[in-house]
Amino acid sequence: MPTALITGITGQDGSYLAEHLLEKGYEVHGLVRRLSTPNESRIRASMNRLVLLEGDVTDQSSLNIAVETAMPDEVYNLAAQSFVATSWNQPVLTGDVTGIGVVRMLEALRHFSPDARFYQASSSEMFGTSPQPLKSEATPFHPRSPYAVAKVYGHYATINYRESYGLYCCNGICFNHESPRRGIEFVTKKISDGVARIACGRANEVRLGNLDVRRDWGFAGDYVKAMWLMLQQDDPDDYVIATGESHSVRDFAALAFDHVGLDWEKYVKIDERFMRPAEVPDLRGDASKARARLGWAPETSFEALVHMMVEADVARYSQA
């Protein structure tokens, strides 16, 4: 039975990846931080099949112990301070967790499990305002937030350990991927949750920032399959994971409200508090390399994703 270690297992991607690996017969270990109130809601259905290990990517010794305990065949580093807006207020923490945390994980593998295969969750935010309209693995990075800068650091650290120490290390440059498990601080969840609250008579508006920002949005459940496929190849490499389409925040809101029979313009209010100091206007990915080498393609359309998220939130508020 193959063994995997997932950092960030309690997050959106971690929970979907854990389920995918369990279905494939893996023994799945997850790194979890010690919190006064454990954040286990996303993995509750799988808890009795997981081995949870206490640790933190800011603490080297805990990573060493986790790797020695799990002795994993595969490691998926999904842990991060992953909210771009928060990175402006907490840039040092973001650098420590999202950037240097990658090196700590790589060091643990180098010393205690050098044969393990390593996946690093890179981000489309690294491209920033790079002028190429369709971003591929060859597109230069131009990060526009402390979060993106930290992700660039982790990305190149992963390449460096691959080239310097011969470790099997891959970067998955994932464009935005959402689901009903998305955190409320993200704009897609803020919209779907707001639509559900309004539809259920619990609110009368949703406050958003820049409606013209465009992103390449896919379904997280599809993207974790690409993560696994990367570590099944003969040679390690880096891959863009994306749908190839971009839609605006306005598009997302209009589709979400329309799904419950409401006109978005009556309920969406612009709030300057949600404007970022440096915005990336449009991000769209070219996943042709992943299609050709991994045989991966997104299975969920943009419309189906929006409807899925709205329906899940409406059901949640209807039952409460």
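Being a predicted model, the structure only gives us computed values, none of them experimental. (Residues numbered from 1 in each chain as written. Predicted model: local features only at pLDDT ≥ 70, side-chain atom pairs only at ≥ 80, totals over all residues. Heavy atoms only, no water.)

Quick word on the environment of Ile 159
As for its position among the elements, Ile 159 is in helix 5 (residues 146-165). Owing to a relative accessible area of 13%, Ile 159 belongs among the buried residues under this scheme. In the structure, Ile 159 is positioned 39 residues away from Gln 120 in sequence and 9.9 Å away in space, judged by C-alpha atoms. For Ile 159, the contacting residues outside a window of four places in its chain are Asn 171 and Asp 238. (Helix = DSSP H or I, 4+ residues; strand = E, 2+ residues; numbered from the N terminus. Buried < 20%, exposed > 50% of the residue type's maximum accessible area, 1.4 Å probe, protein only. Contact = heavy atoms within 4.5 Å.)

What about the packing of helix 6 (residues 187-199) against helix 8 (residues 249-259)?
As a packed pair, helix 6 and helix 8 sit with axes 10 Å apart at the nearest point and diverge in direction by 25°. Relative to helix 8, helix 6 is oriented roughly parallel. Where helix 6 crosses over helix 8, the handedness of that crossing is right-handed. On helix 8, the residues touching Val 187, Thr 188, Ile 191, Val 195 and Ile 198 of helix 6 are Val 249, Phe 252, Ala 253, Ala 256 and Phe 257. In the contact of helix 6 with helix 8, the residues fall into nine nonpolar, one polar and no charged. (Axes fitted to C-alpha atoms, helices over the stretch in contact; angles between N-to-C directions. Parallel < 35°, antiparallel > 145°, perpendicular 65-115°, else oblique. Left-handed = near helix turned anticlockwise from the far one by under 90°. Nonpolar A, V, L, I, M, F, W, Y, C, P; charged D, E, K, R; others polar.)

Side note on the packing of aromatic side chains
Enumeration over the complete set of coordinates arrives at twelve aromatic pairs. With a centroid separation of 5.3 Å and an interplanar angle of 70°, the aromatic rings of Trp 217 and Phe 252 are classed as edge-to-face. With Trp 217 in the loop between strand 9 (214-215) and strand 10 (218-219) and Phe 252 in helix 8, this pair connects stretches of sequence that are 35 residues apart. Residue classification places Trp 217 among the buried positions, given a relative accessible area of 3%. (Phe/Tyr/Trp six-rings, centres within 6.5 Å; stacked < 30°, edge-to-face > 60°.)

Things to note about the side chain of Ser 113
By the element assignment, Ser 113 lies in the loop between helix 4 (91-112) and strand 5 (117-123). Setting aside its immediate chain neighbours within four residues, Ser 113 contacts Val 67, Met 71, Pro 72 and Ala 108.

Let's talk about the nonpolar core
Generally speaking, soluble globular proteins have nonpolar side chains that are buried together. Among the nonpolar cores identified, the biggest contains 57 residues, and Ile 6, Leu 21, Val 28, Tyr 76, Tyr 119, Ile 241 and Trp 296 are the most heavily contacted of them. By size, the runner-up hydrophobic cluster in this structure holds 23 residues, among which are Ala 79, Met 105, Ala 116 and Ala 157. (Core = buried A, V, L, I, M, F, W, Y, C linked by side-chain atoms within 4.5 Å.)

Digging into the pattern of salt bridges
For the structure shown, the criterion picks out 18 salt bridges. For Arg 104, the salt bridge goes to Asp 96, with nearest N and O atoms at 2.6 Å. The closest approach of N and O atoms between Glu 279 and Arg 215, which form a salt bridge, is 3.6 Å. Taken together, the residues Glu 279 in the loop between strand 13 (268-270) and helix 9 (288-294) and Arg 215 in strand 9 connect sequence positions 64 residues apart. Given the relative accessible area of 4%, Arg 215 is considered buried. A cluster of three or more residues bridged by salt bridges with shared partners is formed by Lys 189, Asp 193, Asp 313 and Arg 316. (Salt bridge = Lys/Arg side-chain N within 4 Å of Asp/Glu carboxyl O.)

A word on the environment of Val 97
In this structure, Val 97 sits in helix 4. Spatially, the C-alpha atom of Val 97 lies 5.7 Å from that of Ala 80, the residues being 17 residues apart in sequence. Residues contacting Val 97, with those up to four places away along its chain left out, are Val 57, Thr 58, Ala 80, Gln 81 and Val 102.

Some thoughts on helix 10 (residues 302-319)
End to end, helix 10 covers 26 Å across 18 residues, agreeing with the expected 26 Å (1.5 Å per residue, within 8%). Turning to helix 10, the residues buried within the fold contact strand 7 (177-178), helix 6, strand 10, strand 12 (247-248) and helix 8. (Expected span 1.5 Å × (residues − 1).)

Some thoughts on the sheet that holds strand 1 (residues 3-7)
A sheet is described by the order of its strands in space; here seven strands give the open sequence 3-2-1-4-5-6-11, paired in parallel fashion. If you trace the sheet from one side to the other, it starts and ends with strand 3 (50-54) and strand 11 (239-241), each paired once. When strand polarity is set aside, the average angle formed by the axes of neighbouring strands in this sheet is 25°. In this sheet, strand 4 (residues 74-77) lies alongside strand 1 in parallel orientation, the contact comprising four bridges. Residue pairing across strands places Ile 6 opposite Tyr 76, the latter belonging to strand 4. The sheet strands contacting helix 1 (residues 12-23) are strand 1, strand 2 (27-32), strand 3 and strand 4, and the helix crosses strand 1 at an angle near 175°. (Pairing = 2+ DSSP bridges.)

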